[in-house]
Amino acid sequence: MLIKLNKGQITLEFSILFLAILIMSLVTINNFISKNVSKDDLIINQIDIAAKSAVILINSNYKGLHLNTTLIYGGISWSENKKDIYIYISPKDLVSNDTKNFIIEYVKNYVYNTTKINISDYNITINP
């Protein structure tokens, strides 16, 4: 004799199966990320976002930083130990010390405000 399943019972069993697959997927993703992404990687990502934002602010004459040209954000690179971070901005010869200091301070404040991590262990250099 075959067991006849009700429509509601099939839906409930499918929902439980789907929930189990979803939980296993989340655990697997979390395990992968926690083993492959370090705190330094997250901070480098935040520094990249902050540097882009700082260049945009400078190009919009924020706080009187008026340049006769548009700065171009070229990206970042970092050392092997991920403690020395280099931010590239073009044109190099038009980036003054005031502009460099503004970018560095903006990056430090942005990272601290978003992650509550003091990045004093990181050495940030503009156009090395």
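Look up: the structure comes first, before these words.
Since the model is a prediction, treat every value here as computed from it, not as a measurement.

Conventions and cut-offs
Residues numbered from 1 in each chain as written. Predicted model: local features only at pLDDT ≥ 70, side-chain atom pairs only at ≥ 80, totals over all residues. Heavy atoms only, no water. Buried < 20%, exposed > 50% of the residue type's maximum accessible area, 1.4 Å probe, protein only. Helix = DSSP H or I, 4+ residues; strand = E, 2+ residues; numbered from the N terminus. Pairing = 2+ DSSP bridges. Right-handed = clockwise from strand over helix to strand, strands pointing away. Expected span 1.5 Å × (residues − 1). Contact = heavy atoms within 4.5 Å. Salt bridge = Lys/Arg side-chain N within 4 Å of Asp/Glu carboxyl O. Phe/Tyr/Trp six-rings, centres within 6.5 Å; stacked < 30°, edge-to-face > 60°. Core = buried A, V, L, I, M, F, W, Y, C linked by side-chain atoms within 4.5 Å.

Caption draft 1: Broad picture of the pairing of strand β3 (residues 123-126). Going residue by residue along β3, you find I124 and I126 tucked away on one face and N123 and T125 left uncovered on the opposite face. Bridge analysis of strand β2 (residues 84-90) against β3 gives four bridges, and the strand direction is parallel. Residue pairing across strands places I87 opposite I126, the latter belonging to β3. In the classification by handedness, the crossover that spans β2, the intervening helix α3 (residues 97-115) and the parallel β3 is right-handed.

Caption draft 2: Geometry of helix α2 (residues 39-59). In this model, α2 (21 residues) spans 31 Å end to end at C-alpha, consistent with the 30 Å of a helix rising 1.5 Å per residue. What α2 keeps buried is the set D40, I43, I44, Q46, I47, D48, A50, A51, A54, V55 and I58. Buried residues along α2 sit against β1 (72-78), β2, α3 and β3.

Caption draft 3: Representation of the pattern of salt bridges in the model. Counted by the stated rule, this structure contains three salt bridges. Across the pair K83 and D40 runs a salt bridge, and its minimum N-O distance is 3.4 Å. A residue pair is termed long-range when its members are at least 10 positions apart, and K83 in the loop between β1 and β2 and D40 in helix α2 qualify at 43 residues. The closest approach of N and O atoms between D41 and K82, which form a salt bridge, is 2.5 Å. Taken together, the residues span a long stretch of sequence, with D41 in helix α2 and K82 in the loop between β1 and β2 at a distance of 41 residues.

Caption draft 4: Region of interest: the packing of aromatic side chains. Under the counting rule described, the total for this entry stands at three aromatic pairs. An angle of 25 degrees between the planes, with centres 6.3 Å apart, marks the rings of Y106 and Y110 as stacked. A residue pair is termed a helical-turn pair when its members lie 3 or 4 positions apart in one helix, as Y106 and Y110 do in helix α3 at four residues. Its relative accessible area of 24% is what places Y106 among the partly exposed residues.

Caption draft 5: Geometry of the pairing of β2. By the alternation rule, side chains of β2 split into I85, I87 and I89, which are all buried, and D84, Y86, Y88 and S90, of which none is buried. Connecting β1 to the next strand, β2, in antiparallel fashion are five residues, including K82 with a positive phi near 65 degrees.

Caption draft 6: Structural view of unusual backbone geometry. Cis peptide bonds are those with omega within 30 degrees of zero, and the linkage from S90 to P91 qualifies with -10 degrees. Of note in this structure, K82 is not a glycine but carries a positive phi near 65 degrees. The class for K82 is partly exposed, based on a relative accessible area of 22%. The phi dihedral of K116 is positive, around 60 degrees, even though this residue is not glycine. Its relative accessible area of 58% is what places K116 among the exposed residues.

Caption draft 7: Region of the structure containing the nonpolar core. Of all hydrophobic cores here, the largest spans 26 residues; its most connected members are I47, I87, I89, I103, V107 and I119. Listing elements by their share of this core, those giving two or more residues are α2, β1, β2, α3 and β3. With eight residues, the single largest contributor to this core is α2. In this structure V107 touches I47, A50, A51, I87, I119 and I124, once residues within four positions along its chain are discounted.

No statement about biological role is implied by the geometric values presented.
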